[in-house]
Amino acid sequence: MAQTELGVRQDVGALPVDGVVLSAYRAGIAAMRGRPDDDPTSWTFQANIHGAFDNSNPAWNQCQHGSFLFLSWHRMYLYFFERIVRAASGEDSFSLPYWNYRLPAERQLPEAFREPADPVANALFLDERNPAANAGGFLPESAVLHEQAFSFTNFTSSPGSGLSFGGQEVAGFTHFAVPHGELESQPHDIIHVLIGGQSGFMADPRTAARDPVFWLHHANIDRLWNRWLELGNGRANPVDNTAWADTEFSFFDETGAQVVLTGKEVVDTAAQLDYRYDDDPVVEPEPTEPPCPCPDPEPVNESASPPRTLMESAEGFTLGAEPATVKLQGLEESSGNLLNNVLTGEGPWRALVLRIEGIDYDVQPGVYYEVYVNLPDNESASHRGGYYVGNLSFFAIKPHHGEFEGGIQTFDITRAARRLSGGDDWDPNDIRVSFVKRDMESDLEFSRDAPSARIGRISVIRQ
Ligand SMILES: [Cu+2]
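Just so it is clear, the structure is predicted and the values come from calculations on it, not from any experiment.

Here is what the cut-offs are and how they apply
Residues numbered from 1 in each chain as written. Predicted model: local features only at pLDDT ≥ 70, side-chain atom pairs only at ≥ 80, totals over all residues. Heavy atoms only, no water. Helix = DSSP H or I, 4+ residues; strand = E, 2+ residues; numbered from the N terminus. Rg over C-alpha atoms; globule rule 2.2 N^0.38 Å. Buried < 20%, exposed > 50% of the residue type's maximum accessible area, 1.4 Å probe, protein only. Areas by Shrake-Rupley, 256 points an atom, 1.4 Å probe, with all protein chains shown as cover. Lys, Arg positive; Asp, Glu negative; His and termini not counted. Charge placed at Lys NZ, Arg CZ, Asp CG, Glu CD. Salt bridge = Lys/Arg side-chain N within 4 Å of Asp/Glu carboxyl O. Donors = N, O, S within 2.8 Å, 3.2 Å for Na, K, Ca; no water. Domains from an automatic or database assignment. Contact = heavy atoms within 4.5 Å. Buried area = accessible area lost by both parts, 1.4 Å probe. Pairing = 2+ DSSP bridges. Axes fitted to C-alpha atoms, helices over the stretch in contact; angles between N-to-C directions. Phe/Tyr/Trp six-rings, centres within 6.5 Å; stacked < 30°, edge-to-face > 60°. Lys NZ or Arg CZ within 6 Å of the ring centre and 35° of its normal. Expected span 1.5 Å × (residues − 1). Bend = angle between axes of the 7 residues up to and from the residue.

Quick look at the overall build of the protein now. In terms of helices and strands, the protein carries 11 helices and 17 strands. A compact globule built from 463 residues should have a C-alpha radius of gyration of about 23 Å, and the protein, at 22 Å, falls within 12% of that. Each of the three principal axes of the protein carries a C-alpha extent, and together these read 70 × 50 × 40 Å. Expressed as a percentage of the 463 residues in the protein, the buried residues total 59%. Approximately 18,300 Å² of the protein is accessible, and the part contributed by carbon and sulfur atoms is 48%. Separation between the mean location of the 34 positive side-chain charges and that of the 67 negative ones in the protein comes to 2 Å.

Pasting the structure below:
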């Protein structure tokens, strides 16, 4: 297909509410909703491919979370969904827009999805959302950052590690796993939970794709994959990994016919899938310095020596609405020295990893927590400060059908610890981890459960 015929996925923030693209999206959704649920091109069937409470159809519950298949599977899923909407809407020029919430002007749910607030008059509106999102509340800045994920130059990490852009390696189909890769954790998971709130569709993978904004959120994640590759410096798709390149996934096209794609068939969206993003360079660029304020990439390379846990929390605890701080305890007398050795480069260990496990909850908290290391009492918590190490999120980690003990999240805290160790009051035996709740920024009052999440254990590992 010639370049001029490529579909161009545009930023929803630049599209008129009643323009061609969003009007076609509304019309396509309405048509799909009018189809019977067992029609593969219906709205419900398409959402069920991602996740469903009902396991009766083998085509459902296919989404790939918590592994290096996350990005490629969702790219395939969006591709066929876009074709189905295009055909259902009758608008041949339709391409799925993306939601660039990273831009300060787009930090609210896009207007077309909020107004009019009537699911009959507006196919993009949905009651099953965080009321604060539908009321035009703002996403906190730390919710929308992708810079941390972009600082990783490795696409994959070894099984059990989330310290990579794209996620841990698996041997094949993996519906849910923990820990999630960096881009999946942040911003992907956070946006899901803030838009879904405690009981809305977006907060649960079994209902998420029933929200029309799901598809714009994932188009943005798909676009960020392209932006990451563009940064160069060794960033590349794991095309030599046969599980990533050759695992076959089934979808349905706009005629309802079953179709199959593999990872190696979706690495070049323009050449293989006939679409591009409006900010994709038309010509392959020379790799340049990152345009974002990315820290120097420090990929966590597994050293020959096995990882070793240096410190851990004494017991489990519950996170609520108020900030909480947990002091870690050394597993042996020399733990502080061993930690310092990592920071000074003595020995083969390159990284300090903060591992949070046994993450669990009864009610989806509908919020997230910023995580800090050694945040001073007199310092206000800011993700712009040196103590911030990332966000704790609650999407696709909840035990599904008894599959998991609880969620796991990992944070590379090497850089933060190195910075702290340069200070006067540095004591490697005094490591504290703080959690600060963040929510949609909105004045709307509405009733809900107080957020509550259990943490089983926190540890610091050298690797
Ligand atoms: Cu998602």
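Moving on, we come to the pattern of salt bridges. Overall, the coordinates contain 25 salt bridges when judged by the stated rule. Residue D204 pairs with R206 through a salt bridge whose shortest N-O separation is 2.9 Å. Its relative accessible area of 17% is what places R206 among the buried residues. Each of R9, R75, E82, R86 and D222 takes part in one network of salt bridges that share partners.

Attention now goes to the coordination of the copper ion. Coordination sphere of the copper ion, protein contribution only: H188 (NE2), H192 (NE2) and H218 (NE2), at 1.9 to 2.1 Å. For the copper ion, the single-chain donor residues occur in sequence as H-x3-H-x25-H. Of this pair, H188 and H192 both sit in helix α6 (residues 182-196), 4 residues apart, roughly one helical turn. Take H188 and H192: they sit in the same class, and that class is buried.

With domains assigned, the protein is organised as domain 1 (3-277) and domain 2 (308-462). Placing a centre on the C-alpha atoms of domain 1 and another on those of domain 2 gives a separation of 28 Å. If you look at the interface, domain 1 gives 42 residues, while domain 2 gives 43 residues. Across the interface of domain 1 and domain 2, roughly 3,400 Å² is buried in total on both sides, 62% from carbon and sulfur atoms. Ranking the residues of domain 1 by area buried against domain 2 places F176, V178 and Q198 at the top, with a combined share of 20%.

Let us now look at the environment of R350. Structurally, the position occupied by R350 is in the loop between α10 (335-344) and β11 (352-359). Residues R350 and D449, 99 residues apart in the sequence, show an inter-C-alpha distance of 42 Å.

Attention now moves to the sheet that holds strand β9 (residues 324-327). Taken in spatial order, the 4 strands of this open sheet run β9-β15-β12-β13, and their pairing is antiparallel. Edge positions in the sheet fall to β9 and β13 (388-392), since each of these pairs with one other strand and no more. On average, adjacent strands in this sheet sit at an angle of 25° to one another, irrespective of strand direction. In this structure, strand β12 (residues 368-373) lies alongside strand β15 (residues 432-438), joined through 6 bridges in antiparallel fashion. For Y368, the partnering residue across the bridge sits in β15 and is R438. Its contacts with the sheet put α6 on β12, β13 and β15, and the angle it makes with β13 is roughly 45°.

Quick look at the packing of aromatic side chains now. For the structure shown, the criterion picks out 30 aromatic pairs. When the centroid spacing of 4.9 Å and the interplanar angle of 65° are considered together, the rings of Y79 and F80 count as edge-to-face. With relative accessibility at 5%, the residue F80 sits in the buried group. Ring geometry for F155 against W225: centres 6.1 Å apart, planes inclined by 55°, an arrangement best described as tilted. Placement of the pair is F155 in the loop between α5 (147-150) and β2 (156-157) and W225 in helix α7 (residues 212-230), with a sequence separation of 70 residues. With respect to burial, F155 and W225 carry one shared label: buried. By the ring-pair criterion, three or more aromatic residues cluster together here, those being Y25, W43, W73, Y77, Y79, F80, F81, F94, F113, F214, W215 and F251. Looking at R9, its charged tip hangs above the ring of Y275, at a distance of 3.6 Å from the centre. Positioned above the aromatic ring of W43 is the side chain of R33, whose terminal nitrogen or guanidinium carbon lies 5.1 Å from the ring centre.

The next subject is the pairing of strand β7 (residues 308-312). The pairing of β7 with strand β17 (residues 457-462) spans 4 bridges and is classified as antiparallel. Within β17, the position partnered with E312 by the bridge is S459. As judged from the 2 bridges shared by β7 and strand β10 (residues 329-330), these two strands associate in the antiparallel manner. Paired with M311 across the bridge in β10 is G330.

The first and last C-alpha atoms of α6 sit 21 Å apart over 15 residues, in line with the 21 Å expected at 1.5 Å per residue. Along α6, the helix axis deviates most sharply at H188, where the bend reaches about 35°. Where α6 terminates, the next one or two residues include G197, which has phi positive at roughly 65°.

We now examine the sheet that holds β17. Here we have 5 strands laid out as an open sheet, ordered β10-β7-β17-β11-β14, and antiparallel in their pairing. This sheet does not close on itself; its edge strands, each paired only once, are β10 and β14 (407-412). Bridge count for β11 against β14 is 6 bridges, and the pairing is antiparallel. For E357, the partnering residue across the bridge sits in β14 and is I408. Contacting β7, β10, β11 and β17, α10 runs over the sheet at an angle of about 120° to β7.

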